[in-house]
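Below, each chain spelled out in residue letters.
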Amino acid sequence: MMHEASNSALIAFVIYTIAVFALAVLSNRYARGKEFVGEYFLGSRGFGVWAFALTFAATNASGGSFMGFPALIYTHGWSLAFWISGFMVLPLLSMGLIGKRINQVARHCDAVTIPEILGARYGSKQVGLVATALLVLFMFFYLLAQFKAGGKILSVLLADEPAFQSLSAGVSRISTNLPWINQASGDYLVCLVVFSVAVIVYVVYGGFRAVVWTDVMQGIVMFVGVVLMLVLALRQIGGLESATRQMARMTPPEHGQATVRSDPPAAEEIVLPKGTWIKQSGTAFRLAKLTVIPRGRASAANVPVLIITTPEENDKLRSDDVIGELERDFGIALSLSIQERTPYASGAGQAGVYLTNPGPSVTGEFGFLAIGTAISFFIFWPFGATGQPANMVRLMAFKSSRTLRVSIVTVSVYYAVIYLSLVVIFCCGRVLLPGMEIDPDRTMPDLATRLTANAGVPWMAGLLVAAPFAAVMSSVDSFLLLLSSSVVRDIYQQHIHPGAPERTLKRLSYAVTLVVGVIAVLMVVNPPTYLQDLIVFASGGLAACFLVPMVLTLYWSRMTSSGTIAGMLGGTLMHLGLTCWGYIAAGQFRAYEFLGLNPFLWDLAASFIAAIGVSLLGRTNPLRTDRFFPNQA
């Protein structure tokens, strides 16, 4: 059954990839004869309602939405509904606050990037360079998260393919002695490279129009995939009431270290895959990493394991078939002894903790989501999205005010369906798919495979898993293009070679996109445990840097170039400072929540104070002010 599901997933991936490249080819042909920079980076500013709405929605619904967000729902329960609720008003704020104004200003000064708008507004090269440097910094972290998600999805899809298994084993052997590379498993490396090559090639070839066209397709795939998963999950769990009753009896698992033993000693090397279940004395244990018992040895020590504590879950679970096959093949019995147990810091042993706020937490003694943090995230998501350069670029590409108005409603409904459905789906997954804490970012593709296998339609797994894959690709292509435009347009064309011929700009754009993609792949070989940590860091940093300076630039005639730079640096330094504080305090890649508030609020406060204060101390350029604010001349 699993092999059939993986075959269908592979076929779906191949068909999906072919469709993506077909759109890239069509886009490339459509763009012939048009001015390269405006077409390649902004699609000639001519997109209507459906193209604009779906590319905006798909870009925001990234790998974090379909990989990181489900992992958090699974780990912490219903409290994630509070965490994500701000996304419902995101379009109203993000599109409504700056959409029309930024589109007008971009057309007025013929800008295709955010740093270019800032530079034109103040006539200052320094503003554009600072904006470009900060954009590249944070967008690169965002890109890392998407590459990780793409690699994880494909590794789940192809896990049971014999050819893929052989290739992964070969890559593992080759990479064993390569520093840094050897920290990743062979299957993840293979999938990371395949995904990266696919997305880099079609972005290089197709440009912004190809990205938008594929975003439309990806937006449809995401919507259909989520609705199908919702139906399957509720049907298999027996309805939302049944899922809630079962979650009410659950207690958080424990993490531990164990010694795995074979009896008698292994005559041949025994390889236990990551995720293998072992059950003894009524308790189920899941291996959190690949474990090897060498030939002639009786045990492997210091193996990280997950310990299931809910009695009902333990009653349902049995040792995985892999264990049975190993015991039959090698004539041995496998057991383990726990050396160390680590309960959750909050919620340990408490039934019903997955249904109530703040939800269980491995490290936080006050739970995952205190009420102050929940309110902070309600502010963070819509305001944070408003400050994302990738969204601002899309707001520069719609063709009319009517397009903007209709898109606000369309995207709001789209997000409400997507995110509320995801909360329900992965609360059901909490019951249907135990033990995913060993690798939470795999929860979405693993649950999709399980749901379709249980329903007797394993071929549908390819369609369901195409949803997160589509989300990842729609974000990666946008971010690659944004980074490329920042380097080519804002650094090379604006400051190094203003008169560069179109042929040179085209070659440089292709080269920068390729180089950025390769560097991102190398960096994401050993990423943080939770993909969402990268998402929150990068999106928070971008919003801290750009939101306040950009809004004031568009609407406040008293804003100065020095104030803009101060606002960008003030928000960035506060964001980096709180992130370092959080890492030192908790040992995790997560910003410190001073006074229980989301760090983003402190970032905005620092940016606002710096921007306003420095601007009031300086002088504006009357000629520049008259151009952008004619009614205030």
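The structure presented is a predicted model; accordingly, all values stated were derived computationally and were not measured. (Residues numbered from 1 in each chain as written. Predicted model: local features only at pLDDT ≥ 70, side-chain atom pairs only at ≥ 80, totals over all residues. Heavy atoms only, no water.)

Enquirer: Outline the overall build of the chain, listing residues and values.
Expert: What the chain contains, in helices and strands, is 23 helices and seven strands. Put simply, the chain has 633 residues, and 57% of those count as buried. Sequence separation of at least 24 residues holds for 82% of the intrachain contacts in the chain that already meet a minimum separation of 6. For the chain, the accessible surface area stands at approximately 24500 Å², while carbon and sulfur atoms represent 63% of it. (Helix = DSSP H or I, 4+ residues; strand = E, 2+ residues; numbered from the N terminus. Buried < 20%, exposed > 50% of the residue type's maximum accessible area, 1.4 Å probe, protein only. Contact = heavy atoms within 4.5 Å. Areas by Shrake-Rupley, 256 points an atom, 1.4 Å probe, with all protein chains shown as cover.)

Enquirer: Before we move on, could you go through the packing of aromatic side chains and cite the residues and values that matter?
Expert: All told, the structure shown has 11 aromatic pairs when counted by the stated rule. Ring plane angle 75° and centroid distance 5.0 Å describe the contact between Trp83 and Trp381, whose orientation is recorded as edge-to-face. Taken together, the residues Trp83 in helix H5 (residues 80–84) and Trp381 in helix H14 (residues 371–386) connect sequence positions 298 residues apart. An identical accessibility class is assigned to Trp83 and Trp381; each is buried. Ring centres of Phe87 and Tyr415 lie 5.2 Å apart, and the angle between their planes is 80°; on these two criteria the pair is classed as edge-to-face. (Phe/Tyr/Trp six-rings, centres within 6.5 Å; stacked < 30°, edge-to-face > 60°.)

Enquirer: Tell me about the sheet that holds strand E1 (residues 254–263), and name the residues and values.
Expert: Ordered in space as E3-E4-E6-E1-E7, the five strands form an open sheet in which the pairing is antiparallel. Whereas interior strands pair on both sides, the edge strands pair on one side only; in this sheet they are strand E3 (277–280) and strand E7 (333–342). Pairwise comparison of adjacent strand axes, ignoring direction, gives a mean angle of 40° for this sheet. (Pairing = 2+ DSSP bridges. Axes fitted to C-alpha atoms, helices over the stretch in contact; angles between N-to-C directions.)

Enquirer: Explain the environment of Leu433 to me, using residue names and the numbers behind them.
Expert: Relative to the elements of secondary structure, Leu433 occurs in the loop between helix H16 (401–432) and helix H17 (443–454). Here Leu433 falls in the buried class, since its relative accessible area comes to 6%. Sequence separation between Leu433 and Tyr74 is 359 residues, and the spatial gap between their C-alpha atoms is 9.4 Å. Ignoring sequence-local partners within four residues, the contact set of Leu433 consists of Tyr74, Thr443, Asp446, Leu447 and Arg450.

Enquirer: Kindly report on the pairing of strand E6 (residues 299–307), identifying the contributing residues and their values.
Expert: As judged from the seven bridges shared by E1 and E6, these two strands associate in the antiparallel manner. Across the sheet, Glu254 pairs through a bridge with Ile307, a residue of E6. Direction of pairing for strand E4 (residues 283–287) relative to E6: antiparallel, over a ladder of three bridges. If you follow Arg286 over to E6, its bridge partner there is Leu306.

Enquirer: Give a description of the environment of Trp277 that names residues and reports values.
Expert: Topologically, Trp277 is positioned in strand E3. As a C-alpha pair, Trp277 and Gly435 span 158 residues in sequence and 9.1 Å in three-dimensional space.

Enquirer: Help me get a handle on H14, residues and values and all.
Expert: Its 16 residues give H14 an end-to-end C-alpha distance of 23 Å, which sits within 8% of 22 Å, the value for a rise of 1.5 Å per residue. All of the buried residues in H14 are Thr373, Ala374, Ser376, Phe377, Phe380, Trp381, Pro382, Gly384, Ala385 and Thr386. (Expected span 1.5 Å × (residues − 1).)

Enquirer: Tell me about the nonpolar core, residues and numbers included.
Expert: Counting 139 residues, the largest nonpolar core has Trp83 and Phe147 as its most contacted members. When residues in this core are grouped by element, the largest group, 16 residues, is from H16. With near-sequence residues (within four places) excluded, Phe147 lies in contact with Leu192, Phe195, Ser196, Val199, Val476, Gly517, Ala520, Val521 and Val524. Phe285, Leu287, Ile293 and Ile332 belong to the second-largest nonpolar core, a separate cluster that totals 16 residues. (Core = buried A, V, L, I, M, F, W, Y, C linked by side-chain atoms within 4.5 Å.)

Enquirer: Give a detailed account of unusual backbone geometry, specifying residues and quantitative values.
Expert: Most peptide bonds take the trans configuration, and most residues that are not glycine carry a negative phi. Of note, the amide linkage connecting Asp263 to Pro264 takes the cis form, showing an omega dihedral of 5°. Take Pro264: it is sitting in the loop between E1 and strand E2 (270–272). Cis geometry marks the peptide bond from Asn357 to Pro358, where omega comes out at 15°. Along the chain, Pro358 turns up in the loop between E7 and H14. Positive phi, close to 50°, is recorded for Ser281, a residue that is not glycine. As for its placement among the helices and strands, Ser281 is situated in the loop between E3 and E4. Despite not being glycine, Asn302 has its phi angle at roughly 55°, a positive value.

Enquirer: Go over a nonpolar patch on the surface with me, naming the residues and quoting the values.
Expert: On the surface, Ile220, Phe223, Val224, Val227, Val231 and Leu463 cluster together into a nonpolar patch covering about 430 Å² of accessible area. No other element matches helix H10 (residues 186–237), which puts five residues into the nonpolar patch. Considering the arrangement of structural elements, one finds Val224 in helix H10. Residue class for Val224 comes out partly exposed when judged on its relative accessible area of 36%. (Patch = residues over 30% accessible without salt bridge, like charges linked within 9 Å, V, L, I, M, F, W, Y side chains within 5 Å. Salt bridge = Lys/Arg side-chain N within 4 Å of Asp/Glu carboxyl O.)

Enquirer: Give a description of the pattern of salt bridges that names residues and reports values.
Expert: Using the criterion set out here, one finds six salt bridges in the structure. For Arg245, the salt bridge is made with Glu241, and the minimal N-O distance between the two is 2.7 Å. Separated by four residues within a single helix, Arg245 and Glu241 lie in helix H11 (residues 240–248), roughly one turn from each other. Across the pair, Glu241 and Arg245 agree in class, each one exposed. Here Asp446 makes a salt bridge to Arg442, at a shortest N to O gap of 3.5 Å.

Enquirer: Give me the lowdown on the confidence of the model for the chain, citing residues and values where you can.
Expert: Chain-level statistics for the chain give a pLDDT mean of 80 and a share of 83% at 70 or above. For the chain, helix H2 (residues 36–42) is the element with the lowest average pLDDT, namely 45, and H11 is the one with the highest, namely 94. With pLDDT under 50 throughout, residues 35–44 is counted as low confidence; its partners more than four residues away or in other chains account for 48 contacts. (pLDDT = per-residue confidence, 0-100.)

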